[in-house]
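# Per-entry structural report
Okay, here's what each chain looks like letter by letter:
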Amino acid sequence: MIPPRSSFNNILTKNHCYIFFGTSSLTLGLILFFLKSWIIQVITASVIVLKPNNIMEGLWRKTPIDIPTNVYFFNWTNPEDIHDFKINPKFEEVGPYKFYQKMEKVNVIWNDNNTVTYNQMRTFTYDKQNPNGNLSDKITSLNAVTLACSHYIQDWNYFIKRAASIFMSAVYPTVDVTRTANQFLLEGYDDIMVDIANYLPFIATEIPRFDKFGWLFVLNGSSVFEGTLNIDNGEERNFEVQKWNYQSKVSQFDGPCSKIEGSSAGELFPHKITPTYVQIFVPQICRSLRFDYEDTVHVSGILGYKFTLGAGVLDNGTTIPENECYCAGKCVPSGVFNVSSCRYGLPVYGSLPHFYKADKFYSQNVDGLKPERSKHESYIVLEPTTGIPIEAALRIQLNMLLHPIKNIMVYEDVPEIYFPLFWIECIATLPTYMIILLKIYLAAPYILIVTSVILVLVGLYILLFKAYRPFFVSLYKQLHKQKKPSNSTRPEEVVPLRQDAEEALINTTIDKYECEKSCIGRFTLR
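This write-up is about the structure you can find in this document. Computed from a prediction, not measured in an experiment: that's the story for all the values here.

Basis of the calculations
Residues numbered from 1 in each chain as written. Predicted model: local features only at pLDDT ≥ 70, side-chain atom pairs only at ≥ 80, totals over all residues. Heavy atoms only, no water. Helix = DSSP H or I, 4+ residues; strand = E, 2+ residues; numbered from the N terminus. Buried < 20%, exposed > 50% of the residue type's maximum accessible area, 1.4 Å probe, protein only. Contact = heavy atoms within 4.5 Å. Polar contact = N/O pair within 3.5 Å; in protein donor to acceptor, adjacent residues only side chain to side chain. Expected span 1.5 Å × (residues − 1). Arc of directions from axis to C-beta. Core = buried A, V, L, I, M, F, W, Y, C linked by side-chain atoms within 4.5 Å.

With that settled, the discussion passes to the environment of asparagine 134. Looking at the element boundaries, asparagine 134 is found in the loop between β3 (115-126) and β4 (138-142). On the basis of relative accessible area, asparagine 134 is assigned to the partly exposed category, the value being 43%. In this structure the C-alpha to C-alpha distance between asparagine 134 and alanine 181, which are 47 residues apart in sequence, comes to 7.7 Å. In this structure, asparagine 134 is in contact with Tyr97, Tyr126 and Ala181, ignoring residues within four places of it in sequence. Here the side chain of asparagine 134 touches serine 136 through a polar contact of 2.7 Å, side chain to side chain.

As a further point, take helix α6 (residues 158-171). Within an α-helix, residues lying three or four positions from one another point in the same direction, as the helix has 3.6 residues per turn. In this model α6 runs 20 Å from its N-terminal to its C-terminal C-alpha over 14 residues, within 8% of the 20 Å that 1.5 Å per residue would give. Along α6, the positions that sit buried rather than exposed are Lys161, Ser165, Met168 and Ser169. Taken down its axis, α6 places every buried residue within 100° of arc, on the same side. The exposed set on the far side of α6, more than 90 degrees from its buried face, consists of Phe159, Ile166 and Ala170. Where α6 is buried, its residues touch α5 (144-152), α8 (192-199) and α11 (409-412). Measuring from the backbone nitrogen of phenylalanine 159 back to the side-chain oxygen at the start of α6 gives 2.8 Å, which picks out asparagine 157 as the cap.

Mapped onto the elements, aspartate 211 comes out in the loop between α8 and β6 (228-232). Measuring from C-alpha to C-alpha, the distance between aspartate 211 and tyrosine 189 comes to 8.7 Å, with 22 residues separating the pair along the chain. Those residues in contact with aspartate 211 that lie beyond four places of it in its chain are Asp190, Val194, Asp195 and Asn198.

Phe73, Tyr97, Leu142, Trp215 and Leu216 are the most contacted members of the largest nonpolar core, which totals 100 residues. Sorting elements by how many residues they give to this core places strand β15 (residues 417-429) first, with 7 residues. In contact with leucine 142, other than residues within four places in its own chain, are Trp76, Leu147, Val175, Asp176, Val177, Met400, Leu402, Phe419 and Leu421. Counting 11 residues, the second-largest nonpolar core is a separate cluster that includes Val297, Ile302, Ala393 and Leu438.

Right, here's the structure in full:
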C-alpha cells in the first residue's frame, strides 16, 4: 500500500532543496556529456578569433615573447682573387650575433567585412646577457650598395654609365667592403652612394630612401618596409591574407604566382590543420612560401604536425613547370628563389643557409659552405586542433648576383656568382604559461567527460539517498505493517508456549479446588 498523498507531499516539501540540486546536477551532467563536442567548438570559435580587446587580439598585436634572432655572416677571406676565375671565393662563417626581435601591429583598422588591416613594425635589440658575437668584429663582404647601383644603371646611356663608373672607381675601387658587424646590422654606415640618392630624389623614385645602409637598420622600427596587410579575423576564412598593399595579387609576379589567397601571415593559422601543407606569405620577398607536411612530433608534451620548407618552393620551373612564373625574367637552377622583382629590380636572391637543398651549381662556385639539415632547415610545428604554432625555425640566406656589368670598370671583369652575404634565423617556442593553457584546452574533452560523470553520479546520489529517502523509508514501513496481520491470522494456529503454561496452571488450580471440595463433602457425610 502506497503512503497517503499528504504524507508524500510533506516529504517533498521538506526536501525540495535536495530535489533541486540533484535534478540540476543530473541534467547538467547529461548536457555536458552529450554536447561536449559542440561546447568545444563554441569555445574555440569565441576565443581563437581576432576581435578588438579580446585575449587573442592582445597576443597578436604584440608578441608575448621577444623572438630570438641570430645573424651569421659569411666573411670573405680572399677578395683580392675575385678577378681570377680559377679561384673560388672563400668564406668563413662568423657569428651568431644574437638579437631579440619584438613584433608589433600598428595602424590597426577593424573592417566591417570581418577583416583587419595593419602594418607590422619590428624592433631589434642586441642580446647582452648570453654568449654572443662581438659587434665590433670586422666583416669583409660584397659591396651591396655599389653592386645594386651598378646593376640598376646597367641599361642607361653609355656616357652616364661611364661617368658613374669613374666616380665609383674613385670611391670604391674594389667590389668588397669591410665594416664592423654592428655597422652591417643595426647601426648602419654612411655611404656616399646613399647620400647621392637622397640628394637626387628624381632618380630611382621607387626605392625607399635611408640615411644609412645596414641590413637590420632599414628594418628596425620601420612600419612601412613590409607594406600593409589585410587578413581575415578568423570568423570565416581562417586568418588568411586577403590583400597586400590593398591589392589581392602581387604585382611582382605573373599568373598563379601572383596569388596570395590561402596563405597565412605566419602567426595565425586555421583551427583545423590537415597533414598536407601550409602557406605563409612573406612580405619581404613578395611571395608565399609553402611548407609541406613531414612528420608528427611532440613538443613539450603536445602533439603537432611538422611542416618544412620543401624543395618545391626553391624550384624555378626546373622540376615543377608551374613555378616558372617565379623566375621574374631569369630562371636559375633549383635551390635559390629570385626576389629581385620584389627588391626594386636589384639582384637579390634568397635560399636556405649554406645553399641547403640547392643545386650543386651554387656550392661548386664558392668554398667554405657546409649545409646541414639540423642547422639550416626551416620548419614550423602546428598543433592540429587549434592551429597554434608551438615551435618554429625560419632560416633564410640572402645572396646577391655578382655578374659582369659592361662599362662599369669595377664590375667589368668579375665572374658570375651567387654571392652569399649572411643568413638569419628566428627560433621561437611557446612560453611556458601558454603551453599550460594549451594543454588544459586540449584536455577539455576529457575534463568535460569526467565532470559530466561526476555530476550525474552526484545528482543520482542526492535524489536517491537524500531527496527521496524519507519517501522510500515511509513506503517500506507501510508495506511492512500491512503484511503483519495477514501472517498472524492463520487457522489452527499453534498456541504459544506462554499461553499453554497459563492454561495449564488454571486447570491445575481448578482440579485442586474440586479435589478439596470432594474431600470435605466426604468428611461431613461421615
